[in-house]
Amino acid sequence: MEWKRLRRKFAKNPLNLISVVVFALFLAMAFFPQIFTQFEPNRMNSAVRMISPTASHIFGTDQFGRDIYSRVVHGVRETLSIAFLSIVLACVLGTALGVISGFYGRWIDQIVMRLMDAMFAFPTIILALFIIALYGASQKNLIIALGIVYTPIFTRTVRGSTISIKQFLYIKAAKALGKRDLSIMLKDVLPNLTSVLIVSFTTNFSTAVLSEASLSFLGLGVPPPTPTLGGMVGQGSNFLLSAPWIALFPGLFIALIVLSINIIGDGLRDVLDPRY
Amino acid sequence: MKKSLLFLLVLTVFFSFCFGARAGGDLKFAVQVEPAGFDPNLATAFGSHRLLEHVYEGLLSFNENMDIVPGLAESFEVPEPTKIVFHLRKNVLFHDGTPFTAEDVLYTFKRIQDPAFASPAASYYTEVSSITAPDPYTVVFTLKVPMVNSLLLNFAGVNSAIVCKKTVESGVNMQLQTNGTGPFKLKEYAAGNYIALQKNERYYVPGLPLLDSLTFVVIPEEISRSSALRNADVQMAQIMEPLSLNTFPAQRFVTYRVSTLPYLLLGINNAAKPFDNVLVRRALSYAINREELVEMVAFGEGTVTGPLNPSLKTWALLPEAFDEYSYNPEKAKALLKEAGYPNGFSFEAVTYAQYSLDKIGEAIQAQLALVGIQMKVDVAEFGIFVKRWREIDFQTFLSLNGGSTEPDIQFYRTFKSDGATNKFNFKNAKVDELLEKGRQALDLEERVEIYRALQRLLVEENPFLFLYSPNNLYVSLPEVKGFVPMSNQSLIMLKKTWLDK
Amino acid sequence: MIATYIFGRVLSAVPTILILTFIVFLAIHLVPGDYIDIMLGTQNYLTDEQLSGLYKQYGLDKPFVVQYGIWLKNLITFDFGTSLRTGQKVSAMILEKLPVTFELAFFALFFSLVFGIPLGITSAVKRNRFGDYVVRVLGLIGLSAPTFWIGAILIVAVSGLFQDYTLFGFVSFQKDMAKNLQILLIPSLTLGLMLAAQIMRMARSSMLDVLSQEYVKVAKAKGVSTWKVIYRHALKNAMIPVITTAGIQFGYLMGGTILIENMFALPGLGRLLLQSVNQRDYPVIQGVVLFTGVFIVLMNILVDILYTLIDPRIDLR
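Analysis parameters
- The residue count restarts for each chain, going from 1 along the sequence in the order it is written.
- Going through the entries in the order they are written, you letter the chains from A and number the ligands from 1.
- Local features in a predicted model are, by the rule used here, given only for residues with pLDDT of at least 70; side-chain atom pairs are given and counted only at 80 or more, and totals for whole chains, interfaces and linings are based on all residues.
- A run of H or I in DSSP counts as a helix once it spans at least four residues, and a run of E counts as a strand once it spans at least two, with each numbered from the N terminus.
- Radius of gyration here is computed from C-alpha atoms only, and the compact-globule reference equals 2.2 Å multiplied by the residue count raised to the power 0.38.
- Burial is judged by counting other C-beta atoms within 10 Å of a residue's own C-beta: 20 or more means buried, 12 or fewer means exposed, and anything between counts as partly exposed, with every C-beta placed from the backbone.
- Here, residue contact means that the backbone-derived C-beta atoms of the two residues sit within 7 Å.
- For two strands to be treated as a pair, DSSP must find no fewer than two bridges joining them.
- Angles run from 0 to 180 degrees between N-to-C directions of axes, and those axes are lines fitted to C-alpha atoms, restricted for helices to the stretch in contact.
- When residue character is reported, Ala, Val, Leu, Ile, Met, Phe, Trp, Tyr, Cys and Pro are called nonpolar, Asp, Glu, Lys and Arg charged, and the others, Gly included, polar.
- As annotated, the domain borders come from an automatic or database domain assignment.
- Here a crossing is called left-handed whenever its near helix is offset anticlockwise from the far helix by less than a right angle, and right-handed whenever the offset is clockwise.
- As a per-residue measure, pLDDT tells how confident the predictor is, with possible values from 0 to 100.
- Throughout, the term roughly parallel applies to angles under 35 degrees, roughly antiparallel to angles over 145, roughly perpendicular to angles from 65 to 115, and oblique to all others.

Okay, the overall build of chain B next. When its secondary structure is counted, chain B shows 14 helices and 21 strands. Relative to the compact-globule value of 23 Å for 501 residues, chain B shows a C-alpha radius of gyration of 25 Å, a close match. In terms of principal-axis extent, the alpha carbons of chain B reach across some 95 × 55 × 40 Å.

What follows is the structure, encoded as structure tokens:
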């Protein structure tokens, strides 16, 4: 991998650079939220409840007088970690299962895909309820729950692509030449999956951010008063007409995070594509 | 001669037309929850009660001011402290035309008291020794102990509504079909979508109901419900989020608000440390700013309440009467120090995500942090919450309890040492004594004295914290007239509502 | 050949469904709080005698494996049980709500394909030019806003701007076709928007893959017009991941329309599942899970068959 060449290709596109900067900003917010904010995210102040954006509270305040900007910045950490870690889990599990399933076919494929069918059909709310009921509502458990939910998507997508890739002559040739299966899977199949994986990863990352929001909306999310972007959007939805800023800004942050990740993902995909 | 007759005829038609324009209308009412089954003697769900109260009736009823008024019984007397005699209305028909008699009353209460039937109303009538019908329009309840007062209110509840003996005995599934005596009858049930009721033409109160039809449209999300009203897809809606009221300007909408009897509480497991110490419990009371809760969480749409709702002028001691209700963090800290917790302590409160309980939890969390108490709020799913509540698997909890205009109903089950809903591990002999006395006393003044003493004792002992009673809010289009909301959340005044088009 | 394949897949679906329903049953019973707890809540009281009678009446006193067995046995006679909550037959409830969810999912998928595929292809063809950027950003907006947020905004906007537009008060297709479509338009658009973004990205990505293939470059060098190349050579192969995604999405849609159904007050399967889980209405939960499970499995089989039809080289065995 000639990193220098790839980096230069990547940097050629201004959209990519902007996205990297934006995402880096969000990462900084996730690691050092205190640098960006002046108020405590959970500090209630009845004197300044429900005020629209002003100089001191640039995103306004909520019904408890908490500064929305501070809550949003602190929420970035929760949201990023939950979404990222759960998709990593799903991606690793799903890719492994998908490659094995697509590569070997026959009964291995059958078993894996039937299992995935069952996981697909398993209602997310029951899974989330089950995990939270028995193990408590925490970041770790949400990550596990979402990881399980997203594994079938990766498995199915990777399997589909693996089946296509298998058709390529050079794979058949490699098998004929006697190369070991694992070697073929890692060296020949996997690199060709890169673009599919990157797109899947980034797409599902954003969906995971929103799944977390949905679960919070249904009351199955991270416990109060920890702010999460999705949870804040959910709570603010009731106030859309009377105090739109409460749902607007967390939603905006979600959009920007997702946007930057996806553009970076597309840029990476373009750059890593051996045929580009 | 003929000309004047004709003129008279025209006049009559004209006037009846004017008055006729007063009646009528098809009202669509948006609600949040839908009913679960139609059997009134079994129904526990809020949605079911809000539907069945229009279709079925009990011996007694309430008027707008929550006074007990005649229902299917046009009068009653209490000849002895342990006897209630009801005189039933004559010429009342069930919706299918069956005449209503004392047989139906006997049958209903036998059904309620049948242990194999599992009616939630059974627990109200455990002190009833016999029910007899000396003639087809008289029913006599004989009690084991003189507790007429609390019993009377139960006769007006949906769970004690009268069902038709013939219908139930014919094997009809009362969960799926209805046959009542109420102002409305069930026309169509589209599960998850709407419930359509139509006017009972043979209702025994002449002129009522005024509406031709009443349809409850189920719209779970607040923003959708208020949009449906704004869009005139419905003419009336129940509003849960007080701030939305700002989006219904007075020129185009009518707002109804009523202070309700149910109350929000911070329940305490009195056997769990550190709450076994009354000083700690009292410290909580001083450390929580109830007025701020009403402001922050309910935007002012609520009333701080003592052990009895302040609207009960006869009985209630107002929150201002209690020092423990004043917000005093310094005093709280002093009490904590005295109790041996100078640096505060941490505890957990379990609750569920309805009635803004999660927001109340957040607000209290912040308030308690100011006196050094760390409160962790566990917003559990409702089923999990109920299970933990039932097994007293909590240190504290936040919930909403039903309230009543009758002190015995409000207090007995909750505070008696072996009370049915006493999940607080609260045992106090003096409280028990007052509860028994209050239940059986007959003289009003005597009862007021007893319950005043009880209220004072309850605040001193602080087995749990009463927070506030939320207001119920409804908004309608201006053509909806005659609706009066009630403090027990009932909508039965819809029978006097009409659409002025 | 295809017939044996289908038969084999359908056969293997049976154990899948059985395992699925068993695990769901197990999971729901392991969660604290049963139907009776929720029915009583915190304000109602029954004596121990009444309680044990009630448990017996609903068959909840038996060990849960036995309960599952009874449910299975009844399945054979197509008896899906009765709702604990309302007393209605579960099969009737599902049949009542199925068309609503199906219509919603169908139109959502329709919108997503109609918007997503052409946009994705255009974006790939006009790569890195202005059109590409615009389309990608638009697509990403669809991906990045939560569905319930978009839904809420649309509800408020439509009800505020178009007083005569009926949003609430669902009527079935048979009863009033025009009104039915009117009511379903906004929710399916909301759902479709999010899907369109995913379809668009998948289409763009796989189209790019295919376009850079040697045989495409050869065709272009030979002078075949770009669009002809796309249509004849590229499209079919590019569509494979798109079909996978669409199939996945439709499956999810049938099970995942909960939020939209709740928000737009549509009486569909999603809401039924949510309600029955909240109330531990076991027969209904089992019925809905069984039904959606079968549906998803069938969808997956369909997708796999479509694979072969598109690319005969793919060996399904």
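This next bit is on the overall build of chain A. A tally of helices and strands in chain A yields 11 helices and zero strands. Overall, chain A shows an N-to-C arrangement of helices and strands of α-α-α-α-α-α-α-α-α-α-α. With the C-alpha coordinates of chain A rotated into their principal frame, the extents come out at 75 × 45 × 30 Å. For chain A, with 276 residues in total, the buried portion stands at 54%. Taking the intrachain contacts of chain A between residues at least 6 apart in sequence as the baseline, contacts between residues at least 24 apart amount to 68%.

Residues and elements named next belong to chain B. Strand order across the open sheet formed by four strands is 4-5-7-6, with antiparallel pairing between neighbours. Looking along the sheet, the strands with just one partner apiece sit at the ends: strand 4 (73-80) and strand 6 (128-135). Averaged over neighbouring strand pairs, the angle between their axes works out to 20 degrees when direction is ignored.

Moving on to the pairing of strand 19 (residues 468-476) of chain B. All names here are of chain B. The buried fraction of strand 19 amounts to nine of the nine residues, a majority that puts the element mostly inside the structure. Examined bridge by bridge, strand 11 (residues 236-239) and strand 19 share four bridges and lie antiparallel to one another. Counterpart to Ala-237 in the pairing with strand 19 is Val-475. Relative to strand 19, strand 12 (residues 254-259) runs antiparallel, the two sharing six bridges. Bridging from a neighbouring strand, Tyr-256 pairs with Tyr-474 of strand 19.

Time to look at the interface of chain A and chain B. How big an interface is tends to be reported as the loss of accessible area on association of its parts. Taken together, the contacts link 19 residues of chain A with 22 residues of chain B. Class assignment for the residues of the side of chain A that touches chain B results in 11 nonpolar, seven polar and one charged.

A word on the domain arrangement of chain B. All names here are of chain B. Examined at the domain level, chain B breaks down into domain 1 (6-11 + 20-221 + 477-499) and domain 2 (263-470). A straight line from the C-alpha centre of domain 1 to that of domain 2 covers 33 Å. Contacts between the two partners involve 10 residues from domain 1, matched on the other side by 10 residues from domain 2. Residues of the side of domain 1 that touches domain 2, tallied by class, amount to six nonpolar, four polar and no charged.

Turning to the interface of chain C and chain A, a few remarks are in order. At the interface, 50 residues of chain C touch 51 residues of chain A. Of all the elements in the fold, those that place two or more residues in the side of chain C that touches chain A are helix 1 (2-30), helix 6 (130-144), helix 7 (147-161), helix 8 (177-211), helix 10 (226-256), helix 11 (258-263), helix 12 (269-279) and helix 13 (282-310) of chain C. The dominant element in the side of chain C that touches chain A, judged by the number of residues it contributes, is helix 1 of chain C, at eight residues.

The next subject is the packing of helix 5 (residues 90-125) of chain C against helix 8 of chain C. All names here are of chain C. Closest axis-to-axis distance for the helix 5/helix 8 pair is 5 Å, and the angle between their directions is 35 degrees. The hand of the helix 5/helix 8 crossing is right-handed. Each residue belonging to the contact of helix 5 with helix 8 can be placed in one class, and the counts come to 24 nonpolar, six polar and three charged.

With that out of the way, let us pick up helix 11 (residues 382-390) of chain B. Within the span of helix 11 of chain B, buried status applies to B:Gly383, B:Ile384, B:Phe385, B:Val386 and B:Trp389. On its buried side, helix 11 of chain B packs onto helix 6 (124-135) of chain A, strand 15 (346-352), strand 16 (374-380) and strand 17 (396-401) of chain B together with helix 2 (35-40) of chain C. Phi turns positive one or two residues past the end of helix 11 of chain B, at B:Ile392, with a value near 50 degrees.

On to the confidence of the model for chain B. Close reading of the predicted structure is inappropriate where its pLDDT is low. The share of residues in chain B with pLDDT of 70 or more is 95%, and the mean pLDDT across the chain is 91. For this predicted complex, the interface score ipTM comes out at 0.85, alongside a pTM of 0.87.

Residue and element names in this part refer to chain B. One way to put it is that helix 8 (residues 290-298) packs onto helix 10 (residues 357-369) with a least axis distance of 10 Å and a crossing angle of 130 degrees. Overall, the two elements helix 8 and helix 10 adopt an arrangement that is oblique. Crossing handedness for the pair helix 8 and helix 10: right-handed. In contact with Leu-293, Met-296 and Val-297 of helix 8, helix 10 contributes Lys-359, Ile-360 and Ala-363. Taken together, the residues of the contact of helix 8 with helix 10 sort by class into five nonpolar, no polar and one charged.

Let's shift gears to the sheet that holds strand 18 (residues 465-466) of chain B. Pairing between sheet strands relies on hydrogen bonds along the backbone, with the strands arranged either parallel or antiparallel. Residues and elements named next belong to chain B. Taken in spatial order, the five strands make up an open sheet running 16-15-17-13-18, and their pairing is mixed. Every other strand in the sheet has two partners, leaving strand 16 and strand 18 as the edge strands with one partner each. Pairing of strand 15 with strand 17 involves two bridges; the strand directions are parallel. Residue pairing in the sheet places Val-350 in a bridge with Phe-397 of strand 17. Helix 11 rests against strand 15, strand 16 and strand 17 of the sheet, and its axis sits at about 125 degrees to strand 15.

Most of the time, phi is negative for any residue but glycine, and the peptide bond is trans. The linkage connecting B:Leu208 with the following residue, B:Pro209, adopts the cis geometry, with an omega of -10 degrees. Take B:Pro209: it is sitting in the loop between strand 9 (194-199) and strand 10 (213-218). With a phi angle near 50 degrees, B:Ile392 is a residue other than glycine that sits in the positive phi range. Among the structural elements, B:Ile392 can be located in the loop between helix 11 and strand 17. Located in the positive-phi region is C:Ala265, a residue other than glycine, with phi close to 50 degrees. Within the secondary structure layout, C:Ala265 lies in the loop between helix 11 and helix 12. Since 26 C-beta atoms lie within 10 Å of it, C:Ala265 is described here as buried.

The next subject is the environment of B:Asn269. Residue and element names in this part refer to chain B. For Asn-269, the position within the fold is in the loop between strand 13 (263-268) and helix 7 (278-287). Between the alpha carbons of Asn-269 and Phe-426 there is a distance of 7.9 Å; along the sequence they are 157 residues apart. Apart from residues lying up to four places away in sequence, Asn-269 is in contact with Phe-275, Ile-392, Phe-394, Gln-395, Thr-396, Phe-424 and Asn-425.

Let's shift gears to the pairing of strand 5 (residues 83-88) of chain B. All names here are of chain B. Only one face of strand 5 is buried, namely the one carrying Ile-84, Phe-86 and Leu-88, since none of Lys-83, Val-85 and His-87 on the opposite face is buried. Hairpin connection between strand 4 and strand 5: a loop of two residues separates the two successive antiparallel strands. Note that strand 5 and strand 7 (residues 138-143) share five bridges and pair antiparallel. Across the sheet, residue Lys-83 finds its bridge partner in strand 7, namely Thr-142.

Moving on: the environment of C:Phe291. All names here are of chain C. Along the chain, Phe-291 falls in helix 13. Since 22 C-beta atoms lie within 10 Å of it, Phe-291 is described here as buried. Each C-alpha atom of the pair Phe-291 and Asp-304 lies 20 Å from the other, and the pair is 13 residues apart in sequence.

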